[in-house]
Amino acid sequence: VQLQASGGGLAQAGGSLRVSCSASGCTSGTYTWSWFRQAPGKEREFVAAIRRNAGMVHYADAVKGRFTISRDSAKSTVYLQMNSLKPEDTAVYYCAADCNGILSTLTLADSYDYWGQGTLVTVSS
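Quick caveat, the model's predicted, so the values are computed rather than measured.

What counts as what
- Residues numbered from 1 in each chain as written.
- Predicted model: local features only at pLDDT ≥ 70, side-chain atom pairs only at ≥ 80, totals over all residues.
- Heavy atoms only, no water.
- Helix = DSSP H or I, 4+ residues; strand = E, 2+ residues; numbered from the N terminus.
- Rg over C-alpha atoms; globule rule 2.2 N^0.38 Å.
- Buried < 20%, exposed > 50% of the residue type's maximum accessible area, 1.4 Å probe, protein only.
- Contact = heavy atoms within 4.5 Å.
- Areas by Shrake-Rupley, 256 points an atom, 1.4 Å probe, with all protein chains shown as cover.
- Lys, Arg positive; Asp, Glu negative; His and termini not counted.
- Charge placed at Lys NZ, Arg CZ, Asp CG, Glu CD.
- Pairing = 2+ DSSP bridges.
- Axes fitted to C-alpha atoms, helices over the stretch in contact; angles between N-to-C directions.
- Disulfide = S-S within 2.5 Å.

Asks: Quick one: what's the story with the overall build of the chain, residue by residue and with numbers?
Replies: Check the secondary structure of the chain and you find zero helices and eleven strands. Written out in order from the N terminus, the α and β elements of the chain read β-β-β-β-β-β-β-β-β-β-β. Computed over its C-alpha atoms, the radius of gyration of the chain comes to 13 Å, within 12% of the 14 Å expected for a compact globule of 125 residues. Projected onto its principal axes, the C-alpha coordinates of the chain cover approximately 45 × 30 × 25 Å. Burial statistics for the chain: of 125 residues in total, 42% are counted as buried. The contacts of the chain with a sequence gap of at least 6 include a subset with a gap of at least 24, amounting to 55%. Roughly 6400 Å² of accessible area belongs to the chain as shown, and the carbon and sulfur atoms make up 45% of that amount. Computed over 11 positive and 9 negative side-chain charges, the separation of the two mean positions in the chain equals 7 Å.

Structure follows, in structure tokens:
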């Protein structure tokens, strides 16, 4: 399984960016897509997730109302639209996928076996 993240870059506070992640090799399709982020000196933290089942979505409180996760199953791609960006959103953003349907804890990074390479998002004040 390979995940390829793209997008990100530099934005001003209040601006928008979109990151995307495509997957190949999930033979049964992707059960859950998630985004995590890691700021310098901090642990990786959960941002958002979308499940195959009814497209249920989950967000961290810090991004709720500002970020939107979506997927294009035909393209095996997940997107994270980030609006009203804040300097504290600055981090490397990682996509993660559950291809087996046995995810233990949605918001726990150790639950995921497959990760993209990360893409840097920088928000200036």
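Moving on, there is more to tell.
Asks: Requested: an account of the sheet that holds strand β7 (residues 67-72), with residues and values cited.
Replies: Spatial ordering of the open sheet is given by β1-β3-β8-β7, a layout of four strands whose pairing is antiparallel. Sheet topology places β1 (2-7) and β7 at the edges, where each strand pairs with a single neighbour. Here the strands of the sheet are splayed against their neighbours by 15° on average, with no regard to which way each runs.

Asks: I'd like a description of the state of the cysteines, backed by residues and values.
Replies: Counted by the stated rule, this structure contains two disulfides. Paired by a disulfide, C26 and C99 hold their sulfur atoms 1.7 Å apart. Note that C26 is positioned in the loop between β3 (17-24) and β4 (32-38) and C99 in the loop between β9 (91-98) and β10 (114-115), a separation of 73 residues in sequence. Taken N- to C-terminal, the disulfide-bonded cysteines of the chain are connected 1-3, 2-4.

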